[in-house]
Amino acid sequence: MNEKGQPDVAAELWINAVREPLNVAMAEGRLHSAVKGPITDLGEGWWIPPFTAEKHPELKTVLDILDHPELFPDKEDPSKGAFIGCPAGWGCQLSNINLFRAFEMEKKGWVLIDPGSQAGLDGSMIKANERGDNWFGYYWAPTSMIGKYGMKLMPFGVPFAGSENWDGCIAKAEQDCDDPKPSAWTASEVHTVVTDRFKKKASVAMDYLAKRVVPGSVMGAMLVFMEEEQSDGPDAAAEFMSRHEDLWMQWVPADVAAAVKASL
Amino acid sequence: MSDYKIEIKNLYKIFGPNDKSMVELVANGTGKQELLDKYGHVLGLKNVNIGILANSVNVIMGLSGSGKSTLIRHINRLIEPTVGEIIVDGENVLGMNHEKIRDFRRFGASMVFQKFGLMPHRTVLENGMYGLNIQGMASGEAEKQAKHWLNRVGLSGFEDRFPAQLSGGMQQRVGLARALATDADILLMDEAFSALDPLIRADMQTILLDLQAELHKTIVFITHDLDEALRIGDDIAILRDGELIQKGTPQNIVLKPADDYVADFTKDVNRARVLTLNTLSHETGSKEGLRLDGDLSIEQAMQQMVNSEYNLVTVMNDGTPIGQVSLSDMVGAISRPDATNSGSTTTYR
Amino acid sequence: MGFFDKFPAMERADLRDLKKGIDSSFKEFSRSWGESIEAFFDPLFYFLVNFEKLLLSTPWPIIISIVAGLSYWGSRSWKLSAGAAISFLFIGYLGMWDNTMSTVALISVATFICIALGIPIGVAMSKSDRLQSTITPVLDIMQTIPIFVYLLPVVMLLGIGKVPGLIAVCVYAMPPIVRLTNLGLRLVDKEILEAADAFGSNYRQRLFSVQLPLALPNIFAGVNQTIMMALAMVVIASMIGVKGLGVPVLQSIQNQYLALGMMNGLAIVALAIIFDRVSQKYGKRLQRHREGGSDV
């Protein structure tokens, strides 16, 4: 999109991973943000299943969990706790590795498990939830996985330790991050990004995009719906239109809204 | 008990899915071609009855497709018959269970194959030991025996070679040693020498005859070569299209071919080499002439006569004269096909 | 004409119900049987864990000596043996020792399992045309089904890590050994088999003293291919959390760490070449008789 000017709209661009080139493109006026945060309550972090939270109410923060590796035994070495990180090769892998170091988790009796792929990460979370096993690891929301199992995002128990620590160390490769500090996860910044051409040509659509903000809970529910009903995009869109009239009617002028509703 | 080591009785083999139901058709005269065209079954053997003489070389002869290889494989049941009996030492081979047939193959009858059937991954010695290994003989003893038989067929010093390193003739000697090593009474030889060059084939025949003079095995020898049959056979059976045409001694076959098929077979035979003085001998009362043993072939007798003054032979048997043969008798026997329908020009494929 | 314009597909709702049904029954199955199935694989899992630990805890000079020794034992070639030792020295020097040990552990065990299961299956197939026509399509499926189709169910059942990795590797790597064992046995000269029968061999004698030795060239080709395919699966296995050389490769794909990817990729190639050459030479050595005529 940045290089070729295509497609015209990135409806949900997580910019943490592409901040630098995006900043340049925005400064040069090639790309524009239509709205910041088209979805609310989104973010990455460390999660546990709801039944674990229920059974162990003392686990209120990540720091609490880190004191109890025995609750999350690693199959290969049950004397250690297993922390499921982010798949190899993903940007979040580096952050997880560095946070693992920052919290001195190895010393506290943890191993960082690389699930290898999203299939691995999802599979391990599904297995734990279906079997009722404790599980502690990285994920992000809103997603059908989080929504379906009602996974609990754990507050880290420490504040965000500044973007210098995060962008300058945690988010970098291990060898470029000598002294990571414990920190809450950085706020995920998500924008709807459009090309310059689109902005100039389609101002009506720009208005719509600017207003289009989906609450995280609604998005999560829709994702769960999609998965459970095995439905595809158009199905889910139809379901959304009928379920959340109140929401989408706000996004477009009243006459358009009425016309759309009539066509449903 | 008969003199027969093996009796093959009413043996039918028909290849096809409904072989049993075809027997009656064949017995009632349905021919090979008709069976194939109309019923899609292949006739292998038709009502074969042969007695195999004990301690003799029994040759079964025929052209390809005559069913001779099929027949020999019935004796150790490598091929299951459609109907019939094969009695070996009073027991029907076709009635044996798996266990018994295996023992029969291990101890009762060994086999030599046209293409040798040696195990390429085993050395000459290991090949020689094969049958003994299968018998379960201790390896030390098996090695000793195998070496003995390899020595007997002239392969001492080749024990550690692999078959691929030997000539065809030497390979078949291994095959022969392997078969002899099991000490079975019956030796089944399926075109054993057919794949060899003529000179080597003659060598092998000599080896076989020498061994047989000592061992007196019951040998069933399959061949398509009449010269070979006449040379080594004590008894010859001729098959055509799965049917037994004639059975008898070599002289019998040559002098009295049962039909055109056999006559055609024997047409090019060197009769001087096959016929013996015994077969031509007739009582004259006279005891003149060159005294020669009745087992000599006419060829041998003529050589002797050329070196002597005589043109008449008195045939001796164990030192007593039994009759005479004149030179003209000999010439007549060699030159004149004595078949019942002499002069026929019928030819077979 | 509507019939021809549009494929008479299943109703959307029915299709959805079908898919939902399959999914939920699998989940049900996973809930009720997952633990027993996991327990079934536990011995294998602990063997693999301990084997890997053993490799990792053995001092490197000993490992290299063993590698060189095994290479020599297999190939009787000093060159190959030295090449193997040097490859391992390079691997260690470039910091890939631990990952290489994990991969070697996985590949060795996977190959062993493939052979231990594959050869008997191949033998059974060679005996029965019916079995052959049943198993062949299964092998086709194993080799062509997109890996992710079965990766997720396997992970849901067994979690991430070594055992599912091993299963994924074996699913892909086993077909060649099965196919070539079957083929090799079927290609054994009928005359030689007849000779074995004529001397009264029973099934075992025939199989072990004639058929398998004569089918060795094909069987070894199968072993070879199995090893190669197992190594090719190293990266895929690391996608379900198997440690080893595949992890850095994955990491490098997404992050464009060219050197990292290249080095680990080459380490996999080095392992492949060593395994391949040694197993091939070993296979050839077992078939001295094929060098016919050389010493006459």
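My aim in this report is to walk through the structure given alongside it, one point at a time. Numbers given to residues run from 1 along each chain, matching the order in which its sequence is written. Chains and ligands are labelled by the order in which they are written, letters from A for the one and numbers from 1 for the other. Local features in this predicted model are restricted to residues whose pLDDT is 70 or higher, and side-chain atom pairs enter the listing and the counts only when it is 80 or higher, whereas totals over whole chains, interfaces and linings include all residues. Excluded from the side-chain calculations are hydrogens and water; all other atoms, namely the structure's heavy atoms, are used.

## A short note on the interface of chain C and chain B
Part 1 of the reasoning: By definition in these notes, contact holds between two residues if any of their heavy atoms fall within 4.5 Å. Facing 24 residues of chain C, the contacting portion of chain B comprises 28 residues.
Part 2 of the reasoning: Note on definitions: buried area is the accessible-area loss of two parts on being combined, 1.4 Å probe, summed for both. Of the roughly 2200 Å² buried between chain C and chain B, counting both surfaces, carbon and sulfur atoms make up 61%.
Part 3 of the reasoning: A pair is scored as a salt bridge if a Lys or Arg side-chain nitrogen falls within 4 Å of a carboxyl oxygen belonging to Asp or Glu. Taken together, the links from chain C to chain B amount to one salt bridge.
Part 4 of the reasoning: We note a salt bridge from Arg73 of chain B to Glu194 of chain C, for which the minimum N-O separation is 2.4 Å.
Part 5 of the reasoning: In the analysis that follows, any N or O atom pair within 3.5 Å is treated as a polar contact, provided that within protein one partner can donate a hydrogen and the other can accept it, and provided that, for residues neighboring in sequence, both atoms belong to side chains. At the surface where chain C touches chain B, the tally comes to seven residue pairs in polar contact (both at pLDDT 80 or more).
Part 6 of the reasoning: Helical segments are the DSSP runs of H or I of at least four residues, strand segments are the runs of E of at least two, and each set is numbered from the N terminus. Elements with a minimum of two residues in the side of chain C that touches chain B: α9 (190–198) and α10 (203–232) of chain C.
Part 7 of the reasoning: Per-element accounting of the side of chain C that touches chain B gives the leading share, seven residues, to α9 of chain C.
Part 8 of the reasoning: Residues are grouped as follows: Ala, Val, Leu, Ile, Met, Phe, Trp, Tyr, Cys and Pro are nonpolar; Asp, Glu, Lys and Arg are charged; all remaining types, including Gly, are polar. Looking at the side of chain C that touches chain B residue by residue, the classes come out as nine nonpolar, nine polar and six charged.

## Details of the packing of aromatic side chains
Residue and element names in this part refer to chain A.
Part 1 of the reasoning: Pairing of aromatic rings covers Phe, Tyr and the six-membered ring of Trp, with a centre-to-centre limit of 6.5 Å; geometry is then stacked below 30 degrees between planes, edge-to-face above 60, and tilted otherwise. One pass over the structure, following the stated rule, counts 28 aromatic pairs over all chains.
Part 2 of the reasoning: A centroid spacing of 6.0 Å and a plane angle of 55° characterise the contact between Trp46 and Phe103, whose relative ring orientation is tilted. Of this pair, Trp46 sits in strand β3 (residues 43–48) while Phe103 is found in the loop between α4 (91–102) and β5 (110–113), placing the two residues 57 residues apart along the sequence. Assigned by exposure class, Trp46 and Phe103 land together as buried. When accessible area is computed with a 1.4 Å probe and restricted to protein chains, residues below 20% of their type maximum are described as buried, those above 50% as exposed, and intermediate ones as partly exposed.

## Brief notes about the environment of Ile119 of chain C
Residue and element names in this part refer to chain C.
Part 1 of the reasoning: Positionally, Ile119 belongs in helix α5 (residues 97–127).
Part 2 of the reasoning: Measuring from C-alpha to C-alpha, the distance between Ile119 and Arg179 comes to 9.0 Å, with 60 residues separating the pair along the chain.
Part 3 of the reasoning: Once residues lying within four places of it in the same chain are set aside, the contact partners of Ile119 are Cys114, Ile177, Thr181 and Ile219.

## Brief notes about a nonpolar patch on the surface
Residue and element names in this part refer to chain C.
Part 1 of the reasoning: Each patch is assembled from residues with relative accessible area greater than 30% and no salt bridge, linking like charges that lie within 9 Å and nonpolar side chains (Val, Leu, Ile, Met, Phe, Trp, Tyr) that lie within 5 Å. To measure how exposed things are, a 1.4 Å probe is used in the Shrake-Rupley method; for residues, cover is taken only from the protein chains shown. Taken together, the side chains of Trp60, Ile86, Leu89, Phe90, Tyr93 and Leu94 make up a nonpolar region of the molecular surface, amounting to roughly 710 Å² of accessible area.
Part 2 of the reasoning: Broken down by element, the residue count for the nonpolar patch peaks at four residues, all from helix α4 (residues 78–93).
Part 3 of the reasoning: Within the secondary structure, Leu94 is located in the loop between α4 and α5.
Part 4 of the reasoning: Exposure remark for Leu94: the relative accessible area of 39% places this residue in the partly exposed category.

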